[in-house]
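Fold and geometry: a report
So you can see what is in the structure, the chains are spelled out below.
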Amino acid sequence: MKIEDSIETFNSLLKRQGFIWGPSPEIYGGLAGFYSYGPAGMALKNNVLSIFRKELRALGFGEVECPNVMPEIVWAASGHLERFIDPVLNCVKCNSVYRADKFLKKELPEKMIDGLSFEQMETLIKENNLACPNCDTPLRKIEEYNLMLSTKVGTDTIAYLRPETATTTYLLFNRLDQVMRRQYPLKVFQFGKAYRNEISPRQGVLRMRSFDQFELQIFISKKQEYDFAEFDDVKHTKLPLLDWKLQANNIDVPNSISLEEAINTKILKKPAFAYCLYIAHYLTKKLGYSDNVIRYRQHSPNERAHYADDAWDLEIKTEQFGWTEICGIHDRTDYDLKRHGEYAHQDFKVAMDLNPKEKEIPQILEVAYGIDRILYTLLETNFSVEDDRINLQLTDFLAPNTVAVFPLVKNKENIRKLALQLHQALQDNLIYSFYDESGSIGKRYRRQDELGTPYCVTIDYDSLKDECATIRERDSMEQIRVKISEIPDYIKTKLEESKI
Ligand SMILES: [Zn+2]
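All figures in this text were calculated on a predicted structure; none of them were measured in a lab.

1. What about a nonpolar patch on the surface?
A cluster of nonpolar residues, Leu408, Tyr461 and Leu464, forms a patch on the protein surface that exposes about 250 Å² of accessible area. Structurally, tyrosine 461 is set in helix α18 (residues 461–466).

Structure follows, in structure tokens:
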């Protein structure tokens with residue numbers, strides 16, 4: 001099967017099986033950049049979230065949740081009003097709108113565009129006489145376009161939908177300092193919606209205007225950043241690092257090196273930041289991605305966000321979109337708390353180390369996941385077509401259904417009753433079971449393969465005599481007979497084994 005055909009098959013599977021629908025609202029033609037999740041998509045999302053939450057709790061992180069709407073002053077302080085902008089080219093004749101950096105990358109593929117200033121981009125456009133692809137009118141001036149969605153609270157208070165969860169977490173700093181008993185580094189995370197008014201989102205679910213973030217924040221002292229206890233436990237871990245100097249030499253294959261080596265060779269500056277790269281890798285691997293689709297790409301100094309001192313993207317290799325960022329690891333320094341301290345007239349200096357006289361504003365290290373991007377890349381990297389058989393090889397504990405139960409025929413009441421009893425027993429054991437009695441048995445198997453269901457159980461005529469059923473494993477398609485009464489325990493054991 002050709003790659004394009006396989007991408008087509010994959011995209012139609014997402015809709016057909018109820019993973020992702022859109023652009024929403026579909027019945028009114030859809031608004032670009034907005035998508036909905038069906039039952040299978042939400043089940044997968046919740047399984048990812050529950051793993052993340054459990055792991056982070058064990059690593060000492062607390063969870064918070066903040067409003068999605070915040071008043072203007074928050075975004076003035078965070079720098080988003082001034083600097084969260086995209087460069088835009090407007091065609092004066094046909095009113096087409098282009099994002100300048102993307103437009104230039106397409107028109108001048110041999111040039112390095114990332115990190116150029118607006119003026120430098122305008123010069124490039126002029127020098128190359130670039131014109132509107134739609135009507136051929138010369139393009140000239142780049143305008144600023146703020147990516148935040150604005151709204152009004154009450155009748156006259158200007159507010160913005162948050163473009164990231166992180167800032168709203170920082171606003172809780174003095175509260176967190178108190179409840180977490182000043183035991184620095186403080187570790188917190190927040191899951192929730194963020195909104196970005198992308199100019200013309202084209203990459204489907206990868207560039208949504210309303211999306212889910214899962215962002216970890218570590219509040220830490222300058223001294224702790226260099227003298228970080230947990231680093232010793234993880235320093236031998238090797239990660240595929242593509243630093244910006246390699247990229248500047250047109251190398252796109254990462255170096256697999258240990259975190260200790262990365263610190264010694266100054267690819268990474270701070271052990272605590274190296275630990276953040278480790279955490280991102282640890283959580284990502286929990287979801288079952290294979291090593292050959294993971295890499296870390298460092299931002300060049302020009303490409304970094306306004307608050308970042310160092311920034312890396314954890315990227316997953318996809319067929320449809322190439323290397324795709326699912327997580328950003330940022331050294332935000334004391335930028336955020338300093339700014340909010342100034343704007344809110346608060347003293348955010350605290351004593352974080354043993355000496356109570358040494359007070360400073362905490363530094364912030366961040367690991368920021370885009371949950372929708374995790375879902376997309378999980379689905380794509382686990383999707384396969386072989387001899388016309390579509391299979392979604394999700395890890396057992398991620399699959400929307402863990403088990404599907406089929407009666408071989410639906411018009412034999414005894415068989416149907418036995419199948420429904422087993423389905424109920426599985427549900428009573430909190431195992432995600434799906435009951436299906438319609439269509440041929442072959443089609444029912446195929447439907448569950450497409451959903452990634454690891455186990456299908458069929459109750460047949462023999463079951464009435466031997467009280468056993470056939471369990472068919474998704475990837476090997478091997479079938480075994482198991483006592484019906486023992487199936488819930490059998491599945492539970494398999495689920496436990498699948499946890500890495
Ligand atoms: Zn035009």
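Okay, back to it.
2. Notes on the sheet that holds strand β7 (residues 142–146)
Strands sit in the order β6-β5-β7 across an open sheet of three strands; the sheet is antiparallel. A strand with exactly one partner marks an edge of an open sheet, and here the two such strands are β6 (97–99) and β7. Between one strand and the next, the sheet's axes are offset by a mean angle of 45 degrees, whatever the strand orientation. Here strand β5 (residues 85–90) runs beside β7; their pairing, made up of five bridges, is antiparallel. Within the sheet, the bridge partner assigned to valine 88 lies in β7 and is glutamate 143. Against the sheet, helix α5 (residues 100–107) makes contact with β5, β6 and β7, and its axis sits at roughly 80 degrees relative to β6, the strand it touches most. Helix α6 (residues 118–127) contacts β5 and β7 of the sheet and is inclined by roughly 135 degrees relative to β7.

3. Focus: the pairing of strand β15 (residues 310–318)
Counting buried positions along β15 yields eight of nine residues, so the element is predominantly enclosed. In terms of strand pairing, strand β14 (residues 294–298) meets β15 through five bridges, oriented antiparallel. Bridge pairing links arginine 297 to aspartate 313 in β15. Looking at chain direction, β15 and strand β16 (residues 322–333) are connected through nine bridges and run antiparallel.

4. Observations concerning the coordination of the zinc ion
In this structure, Cys91 (SG), Cys94 (SG), Cys132 (SG) and Cys135 (SG) serve as the protein donors to the zinc ion, at separations of 2.2 to 2.3 Å. The coordination sphere of the zinc ion comprises four donor atoms, whose angles at the metal cover 99 to 115 degrees; the geometry is tetrahedral. Of note, the zinc ion draws all its donor residues from one chain, in the sequence arrangement C-x2-C-x37-C-x2-C. A relative accessible area of 2% means that cysteine 91 is categorised as buried. Looking at cysteine 94, the relative accessible area reads 27%, which means it is partly exposed.

5. Concerning the environment of lysine 492
Tracing the backbone shows lysine 492 in helix α19 (residues 487–498). We classify lysine 492 as partly exposed; its relative accessible area is 36%. Residues lysine 492 and leucine 44, 448 residues apart in the sequence, show an inter-C-alpha distance of 18 Å. Apart from the residues lying within four places of it in its own chain, the contact partners of lysine 492 are Asn429 and Ile431.

6. Quick look at unusual backbone geometry
In this structure, the amide linkage connecting glycine 22 to the following residue, proline 23, adopts the cis form with an omega of 0 degrees. Secondary-structure assignment places proline 23 in the loop between β1 (20–21) and β2 (36–37). A cis amide bond links serine 24 with the next residue in sequence, proline 25, at an omega value of -5 degrees. Here proline 25 is to be found in the loop between β1 and β2. Although it is not a glycine, glutamate 467 sits at a positive phi angle of roughly 55 degrees.

7. Describing the domain arrangement of the chain
Looking at the chain, the domain boundaries give domain 1 (3–79 + 150–381), domain 2 (85–146) and domain 3 (392–498). Just the C-alpha atoms count here: the centres of domain 1 and domain 3 sit 37 Å apart. With 15 residues of domain 1 at the contact, the number on the domain 3 side is eleven residues. With both sides pooled, the region where domain 1 packs onto domain 3 buries about 1100 Å², and carbon together with sulfur makes up 63% of that total. Where domain 1 meets domain 3, there are one salt bridge. Joining domain 1 to domain 3, the criterion identifies five residue pairs in polar contact (both at pLDDT 80 or more).

Reading the values: the criteria
- Residues numbered from 1 in each chain as written.
- Predicted model: local features only at pLDDT ≥ 70, side-chain atom pairs only at ≥ 80, totals over all residues.
- Heavy atoms only, no water.
- Patch = residues over 30% accessible without salt bridge, like charges linked within 9 Å, V, L, I, M, F, W, Y side chains within 5 Å.
- Areas by Shrake-Rupley, 256 points an atom, 1.4 Å probe, with all protein chains shown as cover.
- Salt bridge = Lys/Arg side-chain N within 4 Å of Asp/Glu carboxyl O.
- Helix = DSSP H or I, 4+ residues; strand = E, 2+ residues; numbered from the N terminus.
- Pairing = 2+ DSSP bridges.
- Axes fitted to C-alpha atoms, helices over the stretch in contact; angles between N-to-C directions.
- Contact = heavy atoms within 4.5 Å.
- Buried < 20%, exposed > 50% of the residue type's maximum accessible area, 1.4 Å probe, protein only.
- Donors = N, O, S within 2.8 Å, 3.2 Å for Na, K, Ca; no water.
- Tetrahedral: all angles 85-135°; square planar, octahedral: opposite > 155°, others 65-115°.
- Domains from an automatic or database assignment.
- Buried area = accessible area lost by both parts, 1.4 Å probe.
- Polar contact = N/O pair within 3.5 Å; in protein donor to acceptor, adjacent residues only side chain to side chain.

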